[in-house]
Amino acid sequence: MKHLIIYAHPSKKSFSFQLKDALKAESEKRGWSATVRDLYEMKFDPVLWPSDLEKLKKGETEEDILSEQALVKEADIISVVYPLWWAGFPAILKGYIDKIFAYGFAYKAGKNGIEGLLTNKKVYLYTSMGNTVEEYEEKGLIEAFRKIQGGEIFEFCGMEVKHQEFFPQIPSASTEEIEKHLKVALSVFEPAKQIITN
Ligand SMILES: Cc1cc2nc3c(=O)[nH]c(=O)nc-3n(C[C@H](O)[C@H](O)[C@H](O)COP(=O)(O)O)c2cc1C
């Protein structure tokens, strides 16, 4: 299994940073290969500049985009780890999606409308936040986040969103709460198969 972890947080002191490391360690424990794309460390340029849009429209793809697309293409599992900022993705992650999940690679127009091209991939979304889940539920926003961040992006491109976990009130969480969140995060994967040796 190839596990691609797309990680978008600027701080090594964040919960997201710990979560990304826990996902990597869990993958290795299960014998999966894990690749982390740390968008801040990569200094990923999220802006789709006029010249980028021109190239996109002509179907021309730069080498740095092609290499990211290759990682997405070969992944069986994709985990996306990010804080909720202004009820959405951090700009660097939004820009990654704009540039990497491009027309012709991630989706295309078919006879019956849009066709997702990235099939056979399981996606897990890990969203840390300052607010409570209840507050967002009351506003109907948890459902909206699932539809927009999962459905309209990853499912649109043919992937299966297996789970989106929301981690509430992270800035004031205790060490015990953080430990609990990390356990919950890893529990969303199917149980690891027992390795039987003679
Ligand atoms: C620019 C910015 C915007 C934010 N917007 C939201 C928001 O819309 N909703 C929310 O619940 N928390 C919001 N927060 C709080 C972060 O989501 C929270 O600090 C973060 O998820 C904590 O987890 P971390 O340790 O992984 O950063 C925002 C924080 C920043 C810096």
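Residues numbered from 1 in each chain as written. Predicted model: local features only at pLDDT ≥ 70, side-chain atom pairs only at ≥ 80, totals over all residues. Heavy atoms only, no water.

A.B. asks: Give a description of the packing of helix α1 (residues 15-29) against helix α7 (residues 175-187) that names residues and reports values.
C.D. replies: Two packed helices can be described by the angle between their axes and the distance between those axes. Packing of α1 against α7 leaves a shortest axis separation of 10 Å and a crossing angle of 40°. Taken together, the axes of α1 and α7 lie oblique to each other. When the axes of α1 and α7 are compared, the crossing they make is right-handed. Between α1, through Phe15, Gln18, Leu19, Ala22, Leu23 and Glu26, and α7, the contact on the second element is made entirely by Ile178, His181, Leu182, Ala185 and Leu186. Split into classes, the residues belonging to the contact of α1 with α7 amount to 8 nonpolar, 2 polar and 1 charged. (Axes fitted to C-alpha atoms, helices over the stretch in contact; angles between N-to-C directions. Helix = DSSP H or I, 4+ residues; strand = E, 2+ residues; numbered from the N terminus. Parallel < 35°, antiparallel > 145°, perpendicular 65-115°, else oblique. Left-handed = near helix turned anticlockwise from the far one by under 90°. Contact = heavy atoms within 4.5 Å. Nonpolar A, V, L, I, M, F, W, Y, C, P; charged D, E, K, R; others polar.)

A.B. asks: Describe the nonpolar core, listing the residues and the values that go with them.
C.D. replies: Counting 29 residues, the largest nonpolar core has Val72, Ile78, Leu93, Phe101 and Phe154 as the members making the most contacts within it. Listed by contribution, the elements that provide at least two residues to this core are β1 (2-7), α3 (63-74), β3 (77-83), α4 (91-100), β6 (122-128) and α6 (141-155). Ranked by the residues each element gives to this core, the list is headed by α4, at 5 residues. Among residues more than four places away in sequence, those in contact with phenylalanine 101 are Val72, Tyr96, Ala106, Tyr107, Leu118, Ile153, Phe154, Cys157 and Met159. Residues Phe15, Tyr124, Phe167 and Ile178 belong to the second largest nonpolar core, which totals 19 residues. (Core = buried A, V, L, I, M, F, W, Y, C linked by side-chain atoms within 4.5 Å. Buried < 20%, exposed > 50% of the residue type's maximum accessible area, 1.4 Å probe, protein only.)

A.B. asks: Lay out the site of the ligand with the relevant residues and their values.
C.D. replies: Taken together, 16 residues form the shell around the ligand, and within it His9, Ser16, Leu84, Ser128 and Tyr136 come nearest. A distance of 2.4 Å separates an oxygen atom of the ligand from a polar side-chain atom of histidine 9. Split by residue class, the shell around the ligand holds 10 nonpolar, 6 polar and no charged. (Near = heavy atom within 4 Å. Polar contact = N/O pair within 3.5 Å; in protein donor to acceptor, adjacent residues only side chain to side chain.)

A.B. asks: Help me get a handle on the pattern of salt bridges, residues and values and all.
C.D. replies: Tallying each qualifying case throughout the model produces 13 salt bridges. Note that lysine 147 is salt-bridged to glutamate 143, the shortest N-O span being 3.1 Å. On the criterion of helical spacing, the pair formed by lysine 147 and glutamate 143 is a turn pair, its members being 4 residues apart in helix α6. A salt bridge links lysine 162 to glutamate 160; the shortest N-O distance between them is 3.8 Å. With relative accessibility at 35%, the residue lysine 162 sits in the partly exposed group. On the basis of relative accessible area, glutamate 160 is assigned to the partly exposed category, the value being 40%. (Salt bridge = Lys/Arg side-chain N within 4 Å of Asp/Glu carboxyl O.)

A.B. asks: Describe in detail the pairing of strand β4 (residues 107-110), supporting the description with residues and values.
C.D. replies: With 4 bridges connecting them, β4 and strand β5 (residues 113-116) associate as antiparallel partners. Residue alanine 109 lies in a different strand from β5, and its bridge partner there is isoleucine 114. Here β4 folds back onto β5 in antiparallel fashion, the turn holding 2 residues. (Pairing = 2+ DSSP bridges.)

A.B. asks: Tell me what's going on with the sheet that holds strand β7 (residues 160-167), and back it up with residues and numbers.
C.D. replies: Two orientations exist for strands paired in a sheet by backbone hydrogen bonds: parallel and antiparallel. Read across the open sheet, the 5 strands follow the order β2-β1-β3-β6-β7; overall the sheet is parallel. Two strands lie at the open edges of the sheet, namely β2 (33-38) and β7, each paired on one side alone. Neighbour to neighbour, the strand axes of the sheet diverge by 15° on average, direction disregarded. As judged from the 5 bridges shared by β1 and β3, these two strands associate in the parallel manner. Across the sheet, residue isoleucine 5 finds its bridge partner in β3, namely serine 79. The strands touched by α1 within the sheet are β1, β2, β3, β6 and β7, with β1 carrying the most contacts at an inclination of about 175°.

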